[in-house]
Amino acid sequence: MRVMSQGMVRPAWLVAFALVVAVAAPVRAAGMLPNRMGMYTQQGAPLAMLDSKVVVRVRGPIAEAIVTQTFRNDLDRVTEATYIFPLPVDAAVSAMEIETGTRTIRAAIEAREQAQHRYESAVAAGVGAALLDQERPDVFTQTVSAIPAKGTVVVTLRFDTVARYQGGRWELVLPMVVAPRYVPGTASGRPTTGTGRAPDTERAPDASRVTPGGAPGAGGKTEVMLDFNDGVDDVTSPTHDLAKGKTGYTLRDAKSDHDAVIRWRAKLPAAGWVESSDDGGFAAVVVEAPAAAARKGAARMMLVLDRSATTRGDADAVRRPFVRALLSGLEAKDSVAVTGSDKLDWRAPDQVLRALEDMWGKPGGAFDLTKVLQQTRSDAPLVLVSDGLVADDRAVLAAAAKLGVPIHVVGIGPAPNRGLLTQLAATTGGTVRFATVGDDLSALARDVVADAASQPDPLSITWGTLLAHDVVPATLPRLGAGQAMLVVAKVKKVQAANARVRGDVFGFVSVTTPKPPDGATTPRGSLARRWSKLKLDELVAAGNVKTITEHSLQHGLVSPYTSMVAIGDEVVVKGGVKHSVPVTVSVPEGMRWQLVKREITVASKLDGNLNRDKDERKVADKKNKGKQEPPAKKEPYAKAPPVQPAPTQKPVKKAPTEKAPTTTTTAPVAEPVRPRPHADSRDDRHAPVVAPEPRQPAPAPAPPPPTGSTITDMGGEIDGSGKGEGASPRDEEEDPVSRDSVAKAGASSDDEAEDYEMVMSSSSQRRRTRLSLSLGGGLAVVNGEAAPL
């Protein structure tokens, strides 16, 4: 297996505004049924399953990884699979190849629209192909076509990333699942742009591209192998069991249902690195933030607390003790206010803590981060404690920028939205930290207070005789106490030299460029790729589409405007691939899926108003009855480059354009279809286009009834509350089975019952005992349509 660099969370300084390229989707042909996400498609056909292997080689702060994804098709017909998956926030993807049958197909980097057209042409021709799109800095879509009946296709990716340094140890995060997100707004009523469980809304126009269908334990397994080139000590993981072997460390996640965090101890490098290239070379050094200055005067900060359903469980086991430690560590002269799920005016820290302890016994409700930030008024720094699981990233960042104060982020939960939280801190000049069960939360609280109560010292680097230019990041950003970051520069010539950082002198060690793997879109080494990625982040923040695209194509990187596409030359099925299925992922372990299902469902339908009753919805329905959008305008397919070679390829047939569905308060969920992006569709997210010959789900027997202890939500129509005629009694309560168990054990509050209902997960080693029954893929309701979570 090839060595691959995996990295971790994007450095706190990164202001990258890597927004999803909003993409228009082919309109489904008349008569096609909407996809149903879950363990079965609507007709009962099993979804393609996925296994992953990740091989990581860590050299200093840089990790290079090779990810191998195996798509298995258990159907009796050729199909296409779409997989929405995460990578590290700062992952630079620069290689892809697919193996199908006896063929190996290597990828090329192309403008996103061109890559999509070529892929569609391959689908219509029935040849093997794969497409990789970036939806968020840390969310990607892998689409694989022409998976043979009862066969497999293997996709190999290379990416590199940077480990984070904090408090004397390094940390590498390998995200494994895209967690459920709160989708604000009402359905747009137009064809969706992706295959996710949620429709696109006016506030989250690409929600369907970042909300994969999920069910408890539905994900395939992931195996990770780590190799350290340099000597390290105390290699541990707070999230998984690590096994030490002769060549490194191994961890396994049977369901790929929570982020893998690996930590080790190693001193900060006493030297930098240089790497030769055909145009000179690259140099890199690690810069550490100075120790926090002593506090002067009283501190003021506003806590923004997220107590939504996605934070019940593992996130709750971090948030509560962290907030207690934070408030207990402040002085009587300090003042704190609270907003978000809880609201308190400015008070002394002990008064705030007592009030919060009383409020925590009540549900927090949906957490609309954009509205929270828009309604916040504060001249003091904000401390946000959240998992960041929302779908309207762009609006969140815009609202944060308008506040004009630093936001210090504490990310919590088994699979937080690391991309958004990291950008949020960087955009506002704040700091970002992530915590998991078992961490030293008192130390974390001290660091956060130090960040919020002091001004950052400026950082500077003197490169000496290397004559560095094009340093990235161009402006060294804010780092928290005890944190460090990697800075990379172009140099005219690799030679012996010294650099100086805050009085410390660094020499440089030369690194060699290993042979690139098959399917690599650039032959350059790890420092060159890291420089290219950091430069790309700055360009994305600036927002010039042409410049971003040109840079990505030149340096072989996947970006919001460029994709990787691999197309074969062997026809797998004559007449094209007409069947497509999404890959179901796990609901994160340590997250109470029933509450999540109910909350994100209501939020999608009612735009966050959890108290609106049925009568109000009926009035709105009656008022809007008969209203209809004008017919969708037909837009011809652009000419796609020919598939190479595909002598049996048939012309792409055009399907008639559907009329946009009626938009009402409870509009039917727009039909999820495989995405097709426009070159620059940020302001044209929903333009309908004519699709190739439709790929319809194959008829299949209905899914088998639940057996054993498996429980699924079935029955009649479900309203916005998650209840309905014919609904299971389990929908009437959060979890009566678990509650009874807790009651018998002498539990004294609903809160304790809810904690037990999830899973026993307070152990830092995550050795869990499930107290509730094993649950199958549950239903959710999005704008009036029943659909699994």
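Note: the structure precedes this text.
Quantities reported herein were computed from a predicted structural model and do not represent experimental measurements. (Residues numbered from 1 in each chain as written. Predicted model: local features only at pLDDT ≥ 70, side-chain atom pairs only at ≥ 80, totals over all residues. Heavy atoms only, no water.)

Chemist: Tell me what's going on with the overall build of the protein, and back it up with residues and numbers.
Modeler: Helix and strand counts for the protein come out as 13 helices and 35 strands. Counting only carbon and sulfur atoms, one obtains 51% of the accessible surface of the protein, whose full area is about 29,600 Å². (Helix = DSSP H or I, 4+ residues; strand = E, 2+ residues; numbered from the N terminus. Areas by Shrake-Rupley, 256 points an atom, 1.4 Å probe, with all protein chains shown as cover.)

Chemist: Give a description of helix α3 (residues 349-359) that names residues and reports values.
Modeler: Every buried residue of α3 is accounted for by P349, V352, L353, A355 and L356. In this fold, the buried residues of α3 make contact with β20 (300-305), α2 (314-328), β21 (335-340) and β22 (344-347). (Buried < 20%, exposed > 50% of the residue type's maximum accessible area, 1.4 Å probe, protein only. Contact = heavy atoms within 4.5 Å.)

Chemist: Before we move on, could you go through the sheet that holds strand β25 (residues 432-434) and cite the residues and values that matter?
Modeler: As summarised here, the arrangement of the 6 strands in space is β22-β21-β20-β23-β24-β25, forming an open sheet in which the pairing is mixed. A strand with exactly one partner marks an edge of an open sheet, and here the two such strands are β22 and β25. The mean inter-strand angle of the sheet, taken between neighbouring strand axes irrespective of direction, is 20 degrees. Of the pairings in the sheet, the one linking β21 to β22 comprises 2 bridges and is antiparallel in character. Counted as the bridge partner of V336 is R347 from β22. (Pairing = 2+ DSSP bridges. Axes fitted to C-alpha atoms, helices over the stretch in contact; angles between N-to-C directions.)

Chemist: Would you mind going over the sheet that holds strand β31 (residues 562-571) in detail, with residue names and values included?
Modeler: Reading across from one edge, β6-β31-β7-β8-β3-β32 is the order of the 6 strands in this open sheet, with mixed pairing throughout. Edge strands, defined here as strands with exactly one partner in the open sheet, are β6 (108-111) and β32 (580-582). The average undirected angle you get between the axes of adjacent strands in this sheet is 25 degrees. The pairing of strand β7 (residues 127-136) with β31 spans 5 bridges and is antiparallel. In the strand pairing of β31, A130 is matched with A566. Across the face of the sheet, helix α1 (residues 112-125) comes into contact with β3 (79-86), β6, β7, β8 (139-147) and β31 while running at roughly 150 degrees to β7.

Chemist: Break down the nonpolar core for me, citing the residues and quoting the values.
Modeler: What tends to happen in soluble globular proteins is that the nonpolar side chains get buried as a cluster. Within the largest apolar cluster, 72 residues are counted, with the highest numbers of intra-cluster contacts made by V56, F71, M96, L132 and W264. Leave out the neighbours within four places in its chain, and M96 touches R106, A107, A130, L132, Q142, V155, T156, L157, G519, M564, V565 and A566. (Core = buried A, V, L, I, M, F, W, Y, C linked by side-chain atoms within 4.5 Å.)

Chemist: Quick one: what's the story with the environment of R263, residue by residue and with numbers?
Modeler: Counting through the fold element by element, R263 comes out in strand β17 (residues 260-265). R263 gets classed as buried once you look at its relative accessible area, which sits at 6%. Between the alpha carbons of R263 and S237 there is a distance of 6.0 Å; along the sequence they are 26 residues apart. Those residues in contact with R263 that lie beyond four places of it in its chain are R169, W170, E171, D234, V235, T236, P238, T436 and D439. Only 2.8 Å separates the side chain of R263 from the side chain of D439, close enough to count as a polar contact. (Polar contact = N/O pair within 3.5 Å; in protein donor to acceptor, adjacent residues only side chain to side chain.)

Chemist: I'd like a rundown of helix α8 (residues 526-542), residues and numbers included.
Modeler: For α8, built from 17 residues, the straight-helix expectation of 24 Å at 1.5 Å per residue is met to within 8% by its first-to-last C-alpha distance of 25 Å. Counting buried positions along α8 yields 13 of 17 residues, so the element is predominantly enclosed. Backbone geometry just downstream of α8 places G543 in the positive-phi region, at approximately 90 degrees. (Expected span 1.5 Å × (residues − 1).)

Chemist: So what's going on with empty space enclosed by the protein? Which residues, and what values?
Modeler: Under the definition given, this model contains 14 cavities of 30 Å³ or more. By volume, the largest cavity is sized at about 180 Å³. Lining of the largest cavity is provided by 16 residues; of these, V54, V67, P86, P175 and M176 occupy positions nearest its centre. Taken together, the elements giving at least two residues each to the lining of the largest cavity come down to β1 (49-59), β2 (62-72) and β3. Ranked by residue count, the leading element in the lining of the largest cavity is β3, at 3 residues. Taken together, the residues of the lining of the largest cavity break down into 11 nonpolar, 5 polar and no charged. (1 Å grid on protein atoms, 1.4 Å probe; cavity = no way out; pocket = protein on both sides within 12 Å on 5 of 7 lines; lining within 4 Å. Points joined across faces, edges and corners; volume = space filled by probe spheres on them. Nonpolar A, V, L, I, M, F, W, Y, C, P; charged D, E, K, R; others polar.)

Chemist: Describe the packing of aromatic side chains, naming the residues involved and giving the relevant values.
Modeler: Applying the stated criterion to the full structure yields 7 aromatic pairs. Ring plane angle 15 degrees and centroid distance 5.2 Å describe the contact between Y83 and F85, whose orientation is recorded as stacked. An angle of 80 degrees between the planes, with centres 6.0 Å apart, marks the rings of F228 and Y249 as edge-to-face. Taken together, the positions of F228 in strand β13 (residues 222-228) and Y249 in strand β16 (residues 249-253) put the pair 21 residues apart, joining distant regions of the chain. Owing to a relative accessible area of 13%, F228 belongs among the buried residues under this scheme. (Phe/Tyr/Trp six-rings, centres within 6.5 Å; stacked < 30°, edge-to-face > 60°.)

Chemist: Kindly report on the environment of V162, identifying the contributing residues and their values.
Modeler: By secondary structure assignment, the location of V162 is in strand β9 (residues 152-162). Remark: the alpha-carbon pair of V162 and G60, spanning 102 residues in sequence, is separated by 9.0 Å.

Chemist: Talk me through the pairing of strand β24 (residues 407-411); I want residue IDs and the actual numbers.
Modeler: Most of β24 is tucked away, with 5 of its 5 residues classed as buried. Burial along β24 is two-sided: I407, V409 and G411 and H408 and V410, pointing in opposite directions, are all buried. Where strand β23 (residues 382-386) meets β24, 5 bridges bridge the pair, whose relative direction is parallel. Counted as the bridge partner of V385 is V410 from β24. What joins β23 to β24 is helix α5 (residues 393-403), and the crossover it makes is right-handed. Direction of pairing for β24 relative to β25: parallel, over a ladder of 3 bridges. Along β25, the bridge assignment pairs V409 with V432. With respect to chirality, the unit in which β24 leads through helix α6 (residues 418-428) into the neighbouring parallel β25 is right-handed. (Right-handed = clockwise from strand over helix to strand, strands pointing away.)

Chemist: Give me the lowdown on the pattern of salt bridges, citing residues and values where you can.
Modeler: Evaluation of the coordinates by the stated rule reveals 41 salt bridges. Across the salt bridge formed by D51 and K221, the nearest N and O atoms sit 3.2 Å from each other. Taken together, the positions of D51 in strand β1 and K221 in the loop between β12 (214-216) and β13 put the pair 170 residues apart, joining distant regions of the chain. On the basis of relative accessible area, D51 is assigned to the partly exposed category, the value being 26%. Here D316 ties to R319 by a salt bridge, and the two come within 2.0 Å at their closest N and O atoms. With D316 and R319 both in helix α2, this residue pair falls 3 residues apart, about one helical turn. Under the relative-accessibility criterion, D316 is labelled buried at 4%. Three or more residues are tied together by salt bridges with common partners; here these are R59, E64, D90, D160, R529 and R530. (Salt bridge = Lys/Arg side-chain N within 4 Å of Asp/Glu carboxyl O.)

Chemist: Give a detailed account of the packing of α5 against α6, specifying residues and quantitative values.
Modeler: Two elements in contact, α5 and α6, have axes whose closest approach is 9 Å; the angle formed by their N-to-C orientations is 25 degrees. Taken together, the axes of α5 and α6 are roughly parallel relative to one another. Considering how the two elements wind past one another, α5 and α6 form a crossing that is right-handed. Within the contact between the two elements, α5 uses D393, V396, L397, A400 and A401 and α6 uses L420, Q423, L424, T427 and T428. (Parallel < 35°, antiparallel > 145°, perpendicular 65-115°, else oblique. Left-handed = near helix turned anticlockwise from the far one by under 90°.)

Chemist: Go over the side chain of S52, please, and point to the residues and values.
Modeler: With respect to the secondary-structure elements, S52 resides in strand β1. Those residues in contact with S52, other than ones at most four positions away along the chain, are T68, Q69, K221, T222 and E223.

Chemist: Can you tell me about the packing of α2 against helix α7 (residues 441-453), naming the residues and giving the values?
Modeler: Direction vectors running N to C along α2 and α7 enclose 55 degrees, while the axes themselves pass 8 Å from each other. By the angle class used here, α2 and α7 are oblique. As α2 packs across α7, the resulting crossing turns out to be right-handed. Contact residues: V318, P321, F322, A325 and L326 in α2; L441, S442, L444, A445, V448 and V449 in α7. Across the contact of α2 with α7, the residue classes break down as 10 nonpolar, 1 polar and no charged.

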